[in-house]
Amino acid sequence: MPAPVALGADPARAAPSGVVLLTDRWQARRPLTEVVEAAVAGGVRWVVLREKDLSRAERAALAAELRAILADAGGRLIVAGPDPLDGDAVHLPAAGPYPPPAVRLVGRSCHDAAELGRLTTEDYVTLSPVFPTRTKPGYGPPLHPAGLCELIATSPVPVLALGGIETPEQARECVMAGAAGVAVLGALMRADDPTEVAAALIGAAGPAGHGRPDQPPSRRQPSQRRSPR
């Protein structure tokens, strides 16, 4: 079922929550579309397409395939980078661009309070790394749940915890720290059974839509909102 949205909120601007899958076909144990299908069967409703080494045409074709998989479950695809690949949702790096492109949904990777302070019209952020990560060894230092909690308290938008989240216990810690959900790469890409792993993580983090679907109006001025498209 589609993620619930707060009364009066624009569904196209609802921030990701629950378990969000980040793709990496080089780490996948089967074709990427099969991993995504299996994760969706386990309850995943948000996917961030990375695969930046592909040409735009190849990436756009893959995006179309993944959107079709997600559409059947009421899910949504976000594209890493400023080009939405014929969609309406992007996830940007901390380095830019600023301001974000004028699309329906914009996420941003953040790692500290200074980067959170640069946000303008973004709808959500990831905070990382929360735990040591096998995907990016040596990347950090890790925030751990306590540091994550401190940064979430200063964030003007919903937060997804990212980095080294491989077990239900870790996912639960992140949500207890205030995260709207968890972004997961290796635990699902490398899983023998992505459906089982996704279901276990969702059991701990909650289903899509359990977190804040949009930030409180007091945290963002109306003048900062992009016009609906």
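Caption draft 1: Representation of the pairing of strand β4 (residues 89–92) in the model. Neither face of β4 is exposed, since A89 and H91 on one face and V90 and L92 on the opposite face are all buried. With two bridges connecting them, strand β3 (residues 76–80) and β4 associate as parallel partners. Looking across to β4, one finds that V79 is bridged to V90. Inspection of the sheet shows β4 paired to strand β5 (residues 105–110) by four bridges, in the parallel sense. Each residue of the ladder has a partner; that of L92, found in β5, is R108.

Caption draft 2: The arrangement of the packing of aromatic side chains in detail. All chains considered together, the criterion is met by zero aromatic pairs. Above the plane of the ring of Y98 lies R108, whose end atom (NZ or CZ) is 3.8 Å from the centre.

Caption draft 3: Expanded view of the sheet that holds strand β2 (residues 46–49). Spatially, β1-β2-β3-β4-β5-β6-β7-β8 is the arrangement adopted by the eight strands of the closed barrel, whose pairing is parallel. Sheet twist, expressed as the average angle between the axes of neighbouring strands with direction ignored, equals 25°. By the bridge criterion, four bridges tie β2 to β3 in an arrangement that is parallel. Within β3, the position partnered with V48 by the bridge is I78.

Caption draft 4: Representation of the packing of helix α5 (residues 168–176) against helix α7 (residues 194–205) in the model. Remark: α5 packs on α7, axes separated minimally by 8 Å, with the N-to-C direction vectors making an angle of 30°. Between α5 and α7, the angle is such that the two are roughly parallel. The interaxial crossing formed by α5 with α7 has right-handed handedness. Seen from α5, the contacting residues are P168, A171, R172 and V175; seen from α7, they are A200, L201, A204 and A205. Of the residues in the contact of α5 with α7, the class split is seven nonpolar, no polar and one charged.

The rules we used
- Residues numbered from 1 in each chain as written.
- Predicted model: local features only at pLDDT ≥ 70, side-chain atom pairs only at ≥ 80, totals over all residues.
- Heavy atoms only, no water.
- Buried < 20%, exposed > 50% of the residue type's maximum accessible area, 1.4 Å probe, protein only.
- Helix = DSSP H or I, 4+ residues; strand = E, 2+ residues; numbered from the N terminus.
- Pairing = 2+ DSSP bridges.
- Phe/Tyr/Trp six-rings, centres within 6.5 Å; stacked < 30°, edge-to-face > 60°.
- Lys NZ or Arg CZ within 6 Å of the ring centre and 35° of its normal.
- Axes fitted to C-alpha atoms, helices over the stretch in contact; angles between N-to-C directions.
- Parallel < 35°, antiparallel > 145°, perpendicular 65-115°, else oblique.
- Left-handed = near helix turned anticlockwise from the far one by under 90°.
- Contact = heavy atoms within 4.5 Å.
- Nonpolar A, V, L, I, M, F, W, Y, C, P; charged D, E, K, R; others polar.

All quantities given are derived from atomic positions and should not be read as evidence of function.
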